[in-house]
Amino acid sequence: MDVPLIATLTTFLAATIRMATPLTLAGLGETISEKSGVINIGVEAIMLSGAFFSFLTVFATGNHFLGLLAGMAGGAAVSMVHAVVSLRCKANQTIVGLALNFLILGLTSFLFLKSFGQTTILPSIAVIKPIQIPILSRIPILGQALFHQDIFVYLAIALVIGLSVFFYKTEWGVSLHAVGEHPRAADTAGLQVDTIRYLACLANGLLGGMGGAYLVLVKLGFFMENLTAGKGYIALVTVILGRRNPWGVMGAALVVGAAEALQIRLQTMGIPIPSQVFSMFPYVVTIVVLLFSIGKSSDPSALGVPYERDKR
Amino acid sequence: MKRTALVFMVLVFCCAVLFASGGKEAAAASGKLKVALLLSGPANDQGWNAVAFEGLKAAEAKYGLETAYTEYVGIADGEAAFTDYASQGFDLVIGHGFQFGDPAVRVSAKFPKTNFMAIESSVYSKNAASYVMACEEAAYLMGILSASMSKTGKIGMVGGFEQPSIIKVVEAYKLGAKLVNPNITVYEVYISSFTDVALGKEAAISMADRGADVLSHVANQAGTGVIKAAEERGLLATGDSYDQNFIAPNTVIGSTIYSVPMLVLNAVEKVKNNNFVGGVFFLGMKEGVIDISGYNSFESKIPEATKKLIADTKASILNGSFTVPLIETRSGK
């Protein structure tokens, strides 16, 4: 292979991973939530809230670690609102998620406006720099893409490994699945259904908030209204595509990320195809992959159904 | 009882948020001229919509208007938003963008007493006008500047949607760049978004990866990502819509300036004097609507010859001896 091709491939892979990371983080969170039987389509809201609060914190303190924590807290706040309304008040989970998406879009925009005013000056923060892992990062092509990334990428990979152990090899994983598949049986077996679901929702908020914080702390360094621009919805897609398996979710996020990275690069190369066709690319990939998974529904049986102990 | 209290609290919270963040500011009834503005995105996007909002506020201050505005008006909602304001008795309703042209014309037939205006559109009726800014004039100069400042002979341009009002800027930019360096490579990407800053940044990075060292944009909010990418990579960038040097003082060498305030003032004045008519009006440097910013901290770093070329070209645009070609369909390489 010639040098420009290797360089292009390397940057393409790096871009793919950059785009996939927030999707993976948010997708993993949603996976935990859905496994427990709570479907929260408010991932967009969780990410946006995470992005906003992490930005605000870093802008005020300059401390990125605090920013990450604030982002996770911001995400968790949104997912806990969803949890209370859907578990305690037994509201329709889809509608609550939808409402939260719009609510948080308005709320973050409003708070941003109140904090920084109607301005043409862009408030910004320093971004987290990539960490180069010695030796490994010198592997051709893959090295730069995998081992010269920021802390979030490593964290996402660690989470994928950790969660796949947690889901399939631990007692807690079994409890989580039980609550989502057959809450009454789980209750009879002595599991506290709602407690487990609240914890799952909390995890969803923490991870989704982390995904949102990634956008601000690593990718952009500033906040704007509607910063997530639909990434939360794509994260939902990765959960379905990945069949709620941590590796699957990461794989799906990489496919979507690669499609996006590819469409930009093809345009830069001057391939004479209308830009609109390129922009469809990630979504076409999504639909094609979904077509291939026809008839293999693996939704948890109690997904979206609140558990009512005193009813049958 | 507890549940009722909870529901009540949630409702109160929702109402508070709704009223607080509502973009639509209702104007109180009085004898003042009423002007409304429709924006495709947020009013504080530090770009395209921000300048229009500034225009509205400037007109409000100058003529003592009553103003209202709506943010995030999607393409499908344009007609409803125009109808809304027209039926509330507004005198002038402005849609800020190419996509507002057709809805304005359709609604204008139903409300003959209201004046409609679409910025950057191409259609008109008796009481609906399109005001087109000759953005290509400034883009041509940015092309000259970018090509002159490029050491690698490669520059990049990130466009929002592939639509006439954006294509004309990209194409004029390429022509300007070719004037300075006929062999220059101009990478161009249309990201099909005016709001996705992360995508704008990725597009810019893909150009930087291929060796581009001056990055430009016409992508509104998403374009901020382009400037940030250039700053991060230690490259140069040009701004769009207004002097964007504030975003990255050591990166932005110059910006196009689209003086939407002038445009809005122009229209409001006509409404006030009762001579607002339909039609398509082109306003450019001569009318004071289009300009380019100063070079800020790059004043001493840009070669004198380049500055002179830009000043001369600007002068010949102003005196009419040179017209920047208006190309509204995408050309190849």
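Residues numbered from 1 in each chain as written. Chains lettered and ligands numbered in written order. Predicted model: local features only at pLDDT ≥ 70, side-chain atom pairs only at ≥ 80, totals over all residues.

**Q** Where do I start with the overall build of chain B in this structure?
**A** The helix and strand inventory of chain B stands at 10 helices and 12 strands. Across the 333 residues in chain B, those meeting the buried criterion constitute 54%. In chain B, the share of contacts with a sequence separation of at least 24, taken over all contacts with a separation of at least 6, comes to 68%. (Helix = DSSP H or I, 4+ residues; strand = E, 2+ residues; numbered from the N terminus. Buried ≥ 20, exposed ≤ 12 C-beta atoms within 10 Å, placed from the backbone. Contact = placed C-beta atoms within 7 Å.)

**Q** How do you make sense of the sheet that holds strand β9 (residues 236–239) of chain B when you look at a structure like this?
**A** Think of a sheet as strands paired side by side through backbone hydrogen bonds, with each pair either parallel or antiparallel. Residues and elements named next belong to chain B. Within the open sheet, the 6 strands sit side by side as β7-β6-β8-β9-β10-β12. Their pairing is mixed. Only two strands of the sheet have a single partner each, and these edge strands are β7 (185–190) and β12 (290–292). Each neighbouring strand pair of the sheet contributes to a mean axis angle of 15°, computed without reference to strand direction. Two strands pair when backbone bridges link them, and strand β8 (residues 214–218) and β9 are joined in this way by 2 bridges, in the parallel orientation. Its bridge partner being in β9, V214 is matched across the sheet by L236. Running at roughly 170° to strand β10 (residues 252–258), helix α5 (residues 135–149) makes contact with β6 (154–159), β8, β9, β10 and β12 of the sheet. (Pairing = 2+ DSSP bridges. Axes fitted to C-alpha atoms, helices over the stretch in contact; angles between N-to-C directions.)

**Q** Would you mind going over the interface of chain A and chain B with me for this structure?
**A** Many descriptions give the size of an interface as the accessible area lost when the pieces come together. Contacts between chain A and chain B engage 36 residues on the former and 38 residues on the latter. Put simply, the parts of the chain that give the side of chain A that touches chain B at least two residues each are α1 (3–35), α4 (93–116), α9 (193–220), α11 (246–268) and α12 (275–292) of chain A. No other element matches α4(A), which puts 6 residues into the side of chain A that touches chain B. Of the residues belonging to the side of chain A that touches chain B, the class tally is 19 nonpolar, 14 polar and 3 charged. (Nonpolar A, V, L, I, M, F, W, Y, C, P; charged D, E, K, R; others polar.)

**Q** How should α9(A) be read in this particular structure?
**A** Structural remark: α-helix, 3.6 residues per turn; residues separated by three or four positions point the same way. Residues and elements named next belong to chain A. Compared with an ideal rise of 1.5 Å per residue, which puts 28 residues at 40 Å, α9 spans 40 Å between its outermost C-alpha atoms and is within 8% of the ideal. Along α9, the sharpest kink reaches roughly 30°, centred on A213. Most of α9 is tucked away: 23 of the 28 residues are buried. Once α9 ends, the next one or two residues include G221, with phi positive near 80°. (Expected span 1.5 Å × (residues − 1). Bend = angle between axes of the 7 residues up to and from the residue.)

**Q** Got a minute to help me understand the sheet that holds strand β11 (residues 279–283) of chain B in this structure?
**A** Residues and elements named next belong to chain B. Strands sit in the order β2-β1-β3-β4-β5-β11 across an open sheet of 6 strands; the sheet is parallel. Whereas interior strands pair on both sides, the edge strands pair on one side only; in this sheet they are β2 (66–70) and β11. Along the sheet, successive strands turn relative to each other by an average axial angle of 20°, direction set aside. In terms of strand pairing, strand β4 (residues 115–119) meets strand β5 (residues 128–133) through 4 bridges, oriented parallel. When the sheet's bridge partners are listed, A118 is paired in β5 with S130. Strands in contact with helix α4 (residues 101–110) are β3 (92–96), β4 and β5; relative to β4, the strand with the most contacts, it is inclined by about 170°. The sheet contacts of helix α9 (residues 260–272) involve β1 (34–38), β3, β4, β5 and β11, and relative to β3 the element is tilted by about 155°.

**Q** What should I look at first to understand the pairing of β4(B) in this one?
**A** The side chains of a regular strand alternate, residue by residue, between the two faces of the sheet. Residue and element names in this part refer to chain B. β4 sits mainly inside the fold: 5 of its 5 residues count as buried. Neither face of β4 is open: one carries N115, M117 and I119, the other F116 and A118, and all of them are buried. In terms of strand pairing, β3 meets β4 through 5 bridges, oriented parallel. Across the sheet, V93 pairs through a bridge with F116, a residue of β4.

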